[in-house]
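As a plain string of letters, each chain reads:
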Amino acid sequence: MSQIRPLIPLLVTAGILIGGNGLQGTYIALRGSYEGFSPSLIGMIGAGYSVGFAIGCIYVTRLLREIGHIRTFSAMAAIGASCSLAMSLIIDPTFWFLMRFVIGIAVASLFATVESWINAKVTNANRARTLSIYRLVDLGSVTAAQYMIPVAGIEGTVIFSIIAIAMTLSLVPISLADRSSPTPPEAIRFDLKAVWRISPLAVVGVVCVGLAMAAFRNIGPIYGEAIGMSITSIATFMSAGIIGGVVLQYPLGVYSDRLDRRTVILWTTIGSIITGAYLSFGAGTSETANIIGVFLFGAFSMPLYSLCSAHGNDYAKEGEHALVSAGLLFYWSVGATVGPLLASLLLEYYGPDVFFIYTSVIFAGFAVFTLRRMGTRPPVPPDERPRRFRALLRTSAYFNKLAAPPDKEDRR
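Here the structure is a predicted model, which means the values were calculated and not measured. (Residues numbered from 1 in each chain as written. Predicted model: local features only at pLDDT ≥ 70, side-chain atom pairs only at ≥ 80, totals over all residues. Heavy atoms only, no water.)

Comments concerning the side chain of Thr113
Okay, so step 1: Considering the arrangement of structural elements, one finds Thr113 in helix α3 (residues 93-121).
Okay, so step 2: If we skip the residues at most four places from it in the chain, Thr113 touches Val60, Leu64, His69, Thr72 and Phe73. (Helix = DSSP H or I, 4+ residues; strand = E, 2+ residues; numbered from the N terminus. Contact = heavy atoms within 4.5 Å.)

Have a look at this one:
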């Protein structure tokens, strides 16, 4: 713990941000429905966040290099908090789209700043422990945040105020306890064509994950409401999908390190198809069946991003891993922009039963593409892979860097 202690303020800051951001995603969907917004409008608002997030990922490094970590973090926290409060003052879908767009830029910048900061302070001796704590912070804060909604209620300004408070309070730990001023990070190179050339399967995989899982995070609460769940049950439903994503993450990762990684990706994708089909045709309106089903759905679908990223890095050459990580995060955000729009339109016109049919169709297409790629080129032998599997958060490219020690220290 003596090695971790200097990082505690940054980890606390990250926990506050992750919790507030996770709360906002669920709440906006439910509050929009309460205000009479159609599912397609709610999907549009969710897409606005993803577009902003993608822009933030691209430009935050330039901001960090020009004004530094502390000013970047302070400015973006103020912008994010102000936009959250503004949404409580003007109840309009177009205005909410604009605010969520700006919040997406701010949140991407905040995560990149704090994770770049952690990267500057972490050492190889405490890297693994820091990652473990970070993932626990992520899981705990997102899960706990979901239950703020049934406690505070949907109507009124309370949740908006809580989100703004969270963004503002995230300034406190690093302001009081961290006196360092990290060296500005090197610019992250974006070359989307190069990432496609390195691994088409990884690119298609993360786009599909964005299409399916961003729809779940943004439209999942509307699905729960449409089948008659209470607010507390919706919070449990969303939490079950998130917690489920942790269960198979490491077992699947271990097997993918030993086998052709594409085989594990294929079977994991098939698991996502089957569990989505169960939610569509077997769970009905039963709260228990839906919560169990979405737990299994999350267990298979959530690890796919990390598996695809690991596969992409298998084919990356020395010095290309940061390029792959940044490119895949951007490709994911493209899928995450389109996914809520498509899913919301389908739910609006065909009802809640089609929601998980949509995710199953997305994953079925990816399974077919995976089979085609398996016949196109041979796998990288396990003993020649430069990096092992890493469970990744889709927060910033700097988390990928944090999760991957230098190549020379990660070879087998």
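Alright, that's what it looks like, and here's the rest.
Here's the deal with the packing of aromatic side chains
Okay, so step 1: According to the stated counting rule, one finds 14 aromatic pairs in the structure shown.
Okay, so step 2: Pairing Tyr27 with Phe160 gives two aromatic rings, centres 5.2 Å apart and planes at 80 degrees, and the pair type is edge-to-face. Of this pair, Tyr27 sits in helix α1 (residues 8-34) while Phe160 sits in helix α6 (residues 158-169), placing them 133 residues apart in sequence.
Okay, so step 3: With a relative accessible area of 0%, Tyr27 lands in the buried category.
Okay, so step 4: The buried category is assigned to Phe160, whose relative accessible area is 0%.
Okay, so step 5: Members of the aromatic cluster, joined through ring pairs, are Phe216, Tyr223, Phe237, Phe297, Phe355, Phe356 and Phe363.
Okay, so step 6: Of note, Arg377 hangs over the ring of Tyr315, and the distance from its end group to the ring centre comes to 3.6 Å. (Phe/Tyr/Trp six-rings, centres within 6.5 Å; stacked < 30°, edge-to-face > 60°. Buried < 20%, exposed > 50% of the residue type's maximum accessible area, 1.4 Å probe, protein only. Lys NZ or Arg CZ within 6 Å of the ring centre and 35° of its normal.)

Some points on α1
Okay, so step 1: End to end, α1 covers 38 Å across 27 residues, agreeing with the expected 39 Å (1.5 Å per residue, within 8%).
Okay, so step 2: The sharpest bend along α1 reaches about 25 degrees and sits at Tyr27. (Expected span 1.5 Å × (residues − 1). Bend = angle between axes of the 7 residues up to and from the residue.)

As for α6
Okay, so step 1: For α6, built from twelve residues, the straight-helix expectation of 16 Å at 1.5 Å per residue is met to within 8% by its first-to-last C-alpha distance of 16 Å.
Okay, so step 2: Among the residues of α6, those classed as buried are Ile159, Phe160, Ile163, Ala164, Ala166 and Met167. What you see down the axis of α6 is that its buried residues fit within an arc of 155 degrees, all on one side. (Arc of directions from axis to C-beta.)

Examining a nonpolar patch on the surface
Okay, so step 1: A cluster of nonpolar side chains, contributed by Ile165, Leu169, Val172 and Leu176, occupies part of the molecular surface with about 380 Å² of accessible area.
Okay, so step 2: For the nonpolar patch, the secondary-structure elements that each account for two or more residues are α6 and α7 (171-177).
Okay, so step 3: Residue position: Leu176 is located in helix α7.
Okay, so step 4: Taking the relative accessible area as the measure of exposure, Leu176 reaches 70% and is therefore exposed. (Patch = residues over 30% accessible without salt bridge, like charges linked within 9 Å, V, L, I, M, F, W, Y side chains within 5 Å. Areas by Shrake-Rupley, 256 points an atom, 1.4 Å probe, with all protein chains shown as cover. Salt bridge = Lys/Arg side-chain N within 4 Å of Asp/Glu carboxyl O.)

What about the confidence of the model for the protein chain?
Okay, so step 1: In this model, the protein chain carries an average pLDDT of 87, and 96% of its residues clear a pLDDT of 70 or more.
Okay, so step 2: Within the model, the stretch residues 407-412 combines pLDDT values under 50 with 15 contacts to residues more than four positions away or in other chains. (pLDDT = per-residue confidence, 0-100.)

Some points on the packing of helix α12 (residues 261-281) against helix α16 (residues 355-374)
Two quantities define a packed helix pair, namely the angle between the helix axes and the distance between the axes.
Okay, so step 1: Interhelical geometry of α12 versus α16 gives an angle of 160 degrees and a closest axis separation of 8 Å. Taken together, α12 and α16 sit at an angle that is classed as roughly antiparallel. In this structure, α12 meets α16 at a crossing whose hand is left-handed. Packed against α12, whose contacting residues are Arg262, Thr263, Ile265, Leu266, Thr269, Ser272, Ile273, Gly276, Ala277, Leu279, Ser280 and Phe281, the element α16 presents Phe356, Ile357, Thr359, Ser360, Phe363, Ala364, Phe366, Ala367, Thr370, Leu371, Arg373 and Met374 at the interface.
Okay, so step 2: For the contact of α12 with α16, the per-class residue count stands at 14 nonpolar, eight polar and two charged. (Axes fitted to C-alpha atoms, helices over the stretch in contact; angles between N-to-C directions. Parallel < 35°, antiparallel > 145°, perpendicular 65-115°, else oblique. Left-handed = near helix turned anticlockwise from the far one by under 90°. Nonpolar A, V, L, I, M, F, W, Y, C, P; charged D, E, K, R; others polar.)

Focus: the pattern of salt bridges
Okay, so step 1: Enumeration over the complete set of coordinates arrives at four salt bridges.
Okay, so step 2: Glu35 serves as the salt-bridge partner of Arg31, at 2.8 Å between the closest nitrogen and oxygen.
Okay, so step 3: For Glu35, a relative accessible area of 30% translates into the label partly exposed.
Okay, so step 4: The partner of Asp314 in a salt bridge is Arg261, with the nearest N and O atoms 2.8 Å apart. A residue pair is termed long-range when its members are at least 10 positions apart, and Asp314 in helix α14 (residues 304-315) and Arg261 in helix α12 qualify at 53 residues.
Okay, so step 5: Residue classification places Asp314 among the buried residues on the basis of a relative accessible area of 7%.

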